[in-house]
Amino acid sequence: MSLSDWEQLKITINPKTIRLKSLLTMTAYNRLSNSIYSYPQSWATLKKVGKTLVEDYAIVMRRDVATTNWLEVLLCYPGPQAIILYRLAHLLHNLGVFFLPRFISHLARFLTGIEIHPGAVIGKGVFIDHGMGVVIGETAVVGDYCLLYQGVTLGGTGKESGKRHPTLGCNVTVGAGAKILGNINIGSHARVGAVAVVLQDVPSNSTVVGIPGRIISQGEQEDLDCN
């Protein structure tokens, strides 16, 4: 064994080096234990998700006049079904779980016709009505109590990286077939007309229609707030 090899061996088995590696390993383990797998935080996260799911179903009962009972909503409404699967996929996505969140998203698309990336952020009380063909991209943000109809796309333009999908404020209504593209902001209580193509920011309490989208009016906010 050469001198250089011997010196390298001494450095490798140096007790201080071993203690440093052990300390780094334990620190990483403790971080994971405290931030992801700790019982109190896990229980708090599950309670929050549970409350959000209750609100997701309650908003359907309040908004859809065709609804007769909660069992019908649970078994026959693709929007709430897609939201349930999204909540699970999003939770796993935030925990850094490999593959499974995307598989759940794919399964939801197969079952409901609604594609929601696990990385998207969706607030409470969001109602996807009818739902077929809805696409919500990875960096999209959908505020509380938004209403999306079938065929809505919250997508990118293909020219951006990072945050590349739209952000919707609370209580935004997006009509059937509307496309909202790029890293733009749709203000709270705004309305986007059916088949509109929106490429620029829309102020709060506005109505936008057409291709490309143009603002035609501004009105007062609805009863639902952003809290």
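Preceding block: the structure.
Calculation rules
- Residues numbered from 1 in each chain as written.
- Predicted model: local features only at pLDDT ≥ 70, side-chain atom pairs only at ≥ 80, totals over all residues.
- Heavy atoms only, no water.
- Helix = DSSP H or I, 4+ residues; strand = E, 2+ residues; numbered from the N terminus.
- Buried < 20%, exposed > 50% of the residue type's maximum accessible area, 1.4 Å probe, protein only.
- Contact = heavy atoms within 4.5 Å.
- Areas by Shrake-Rupley, 256 points an atom, 1.4 Å probe, with all protein chains shown as cover.
- Core = buried A, V, L, I, M, F, W, Y, C linked by side-chain atoms within 4.5 Å.
- Lys, Arg positive; Asp, Glu negative; His and termini not counted.
- Salt bridge = Lys/Arg side-chain N within 4 Å of Asp/Glu carboxyl O.
- Polar contact = N/O pair within 3.5 Å; in protein donor to acceptor, adjacent residues only side chain to side chain.
- Expected span 1.5 Å × (residues − 1).
- Arc of directions from axis to C-beta.
- Patch = residues over 30% accessible without salt bridge, like charges linked within 9 Å, V, L, I, M, F, W, Y side chains within 5 Å.
- Pairing = 2+ DSSP bridges.

Draft legend 1. Focus on the overall build of the protein. What the protein contains, in helices and strands, is six helices and 15 strands. Counting every position in the protein, which comprises 227 residues, the buried fraction comes to 38%. For the protein, restricting intrachain contacts to residue pairs at least 6 apart in sequence, the fraction spanning at least 24 positions comes to 36%. Here the protein displays about 13300 Å² of accessible surface, and carbon together with sulfur accounts for 62% of that area.

Draft legend 2. How the structure looks around the nonpolar core. Core analysis: the biggest nonpolar cluster contains 30 residues, and Ile136 and Ile186 have the highest contact counts within it. The contact partners of Ile186, leaving out residues within four places of it in the chain, are Thr167, Leu168, Gly169, Val172, Ile180, Val192, Val198, Gln200 and Val202.

Draft legend 3. Quick peek at the side chain of Asp144. Mapped onto the elements of the fold, Asp144 is located in the loop between strand S5 (141-142) and strand S6 (147-148). Buried charged residue Asp144 carries no salt bridge. Nearest counter-charge: Lys124, at 4.7 Å. A distance of 2.9 Å separates the side chain of Asp144 from the backbone nitrogen of Lys124, its partner in a polar contact.

Draft legend 4. Quick look at the side chain of Glu55. In this structure, Glu55 sits in helix H3 (residues 39-63). The exposure class assigned to Glu55 is buried, which follows from its relative accessible area of 18%. With near-sequence residues (within four places) excluded, Glu55 lies in contact with Arg62, Lys124, Gly125 and Tyr145.

Draft legend 5. Structural detail: the pattern of salt bridges. Under the counting rule described, the total for this entry stands at four salt bridges. Residue Arg62 pairs with Glu55 through a salt bridge whose shortest N-O separation is 3.0 Å. A salt bridge links Arg109 to Glu115; the nearest nitrogen and oxygen atoms lie 3.5 Å apart. The exposure class of Arg109 is partly exposed, given its relative accessible area of 45%.

Draft legend 6. Broad picture of helix H6 (residues 100-112). End to end, H6 covers 18 Å across 13 residues, agreeing with the expected 18 Å (1.5 Å per residue, within 8%). Among all positions in H6, only Pro101, Ile104, Ser105, Ala108 and Thr112 are buried. Projection of H6 onto a plane perpendicular to its axis shows the buried side chains occupying an angular sector of 100°, all on one side. Exposed and oriented more than 90 degrees from the buried face of H6 are Arg102 and Phe110. Buried residues along H6 sit in contact with helix H5 (78-94) and strand S1 (115-116).

Draft legend 7. Region of interest: a nonpolar patch on the surface. A contiguous nonpolar patch, built from Leu95, Val97, Phe98, Phe99, Leu100, Phe103, Leu107, Phe110 and Leu111 and spanning about 950 Å² of accessible area, is present on the exposed surface. Topologically, Leu100 is positioned in helix H6.

Draft legend 8. Highlighting the sheet that holds S5. Pairing is parallel across the open sheet formed by four strands, whose spatial order is S2-S5-S8-S11. Of all the strands in the sheet, the pair left with one neighbour each is strand S2 (121-122) and strand S11 (185-186). Pairing of strand S8 (residues 167-168) with S11, which is carried by two bridges, proceeds in the parallel orientation. Looking across to S11, one finds that Thr167 is bridged to Asn185.

Without other data, these values stay purely geometric and don't point to any function.
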